[in-house]
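Understanding the architecture of this molecule
Residue-level listing of the chains:
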Amino acid sequence: MKTLLINGSPRKNGNTSVALAEVAKSLEAEGIETETFWLGNKPVRGCAACYACVSRKLGKCAFDDDVCNRLVERFAEADAFVVGSPTYYGQPAGALLAVLQRAFFSGRAHVEGKPAACVAICRRGGSTAAFQCMNMPFEMLNSLIVGSQYWNVAFGREPGEAAQDSEGMQTMRTLGKNLSWVLKNLHGEGAVPRPPQEEWQPMHFIR
Ligand SMILES: Cc1cc2nc3c(=O)[nH]c(=O)nc-3n(C[C@H](O)[C@H](O)[C@H](O)COP(=O)(O)O)c2cc1C
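First things first, this report covers the structure right here in the doc. (Residues numbered from 1 in each chain as written. Predicted model: local features only at pLDDT ≥ 70, side-chain atom pairs only at ≥ 80, totals over all residues. Heavy atoms only, no water.)

Our next topic: empty space enclosed by the protein. Under the defined criterion, the tally for this structure stands at 1 cavity of 30 Å³ or more. Volume-wise, the largest cavity comes out at about 110 Å³. Lining of the largest cavity is provided by 14 residues; of these, Cys 47, Cys 50, Cys 53, Cys 61 and Arg 102 occupy positions nearest its centre. Top element by residues in the lining of the largest cavity is helix α4 (residues 94–107). It accounts for 3 residues. Grouping the constituent residues of the lining of the largest cavity by class yields 10 nonpolar, 2 polar and 2 charged. (1 Å grid on protein atoms, 1.4 Å probe; cavity = no way out; pocket = protein on both sides within 12 Å on 5 of 7 lines; lining within 4 Å. Points joined across faces, edges and corners; volume = space filled by probe spheres on them. Helix = DSSP H or I, 4+ residues; strand = E, 2+ residues; numbered from the N terminus. Nonpolar A, V, L, I, M, F, W, Y, C, P; charged D, E, K, R; others polar.)

What follows is the structure, encoded as structure tokens:
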């Protein structure tokens, strides 16, 4: 069982990395393999709404000139996802949202129905809004959203400071434990498979 942790901060070893590392350590202590994917700090595009990924059944974004498809390639192997972001103006990092919207739209088949959790880091405020925003895609991807003893947030400004947020770090460890519990129940002996899904019935409110 493997969890893919996505670090959406342009600072590779910043506070988001500290928080995700704490989740990963907790998962690994429970026997769950982890892989951390750093989004990087190179320019990324937003979704062009070309629908080529859907109409041509690409399974990845039609635009292959940034990190998006490198992330999509990691989806199939993952049994669970943890998305982490710094808080920018009370929102997740823009580049992360730009990539995730494309990655989820084109790589949906390997995301839906799996457990997922989000983590937001901030200096002082707005992390709960960012956290809620990141949860939104998973709330419509048949995901099992995993929580902790508190919202999955931690505080820090300069890289590494979040390690001093003892409650935040505990929240991350508890998240890892909860996620491992969900994974073991989903994949263990006697696990009940996901029920068959109805065919999608799109209704666009247009007559
Ligand atoms: C553009 C920008 C906007 C930010 N907005 C907020 C904010 O709304 N609230 C807050 O508490 N911190 C804000 N911060 C601070 C970061 O969230 C904080 O430094 C965080 O630790 C960064 O995570 P990282 O080290 O993983 O990059 C902002 C930082 C930047 C660069």
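Another aspect to go through is the site of the ligand. Contacts to the ligand come from 17 residues, most closely from Ser 9, Thr 16, Arg 124, Gly 125 and Gly 156. Interatomic distance of 3.0 Å between a backbone N/O atom of Arg 123 and an oxygen atom of the ligand. Protein chains shield 76% of the accessible area of the ligand, which is 640 Å² for the free molecule. Applying the majority rule of atoms within 2 Å of the grid points places the ligand in the second largest pocket. Counting residues per element, the ones that place at least two in the shell around the ligand are α1 (15–29), β3 (80–88) and β5 (115–122). Here the shell around the ligand takes 3 residues from β3, the largest share from any one element. Residues of the shell around the ligand, tallied by class, amount to 5 nonpolar, 8 polar and 4 charged. (Near = heavy atom within 4 Å. Polar contact = N/O pair within 3.5 Å; in protein donor to acceptor, adjacent residues only side chain to side chain. Areas by Shrake-Rupley, 256 points an atom, 1.4 Å probe, with all protein chains shown as cover. Sits in = over half its atoms within 2 Å of the grid points.)

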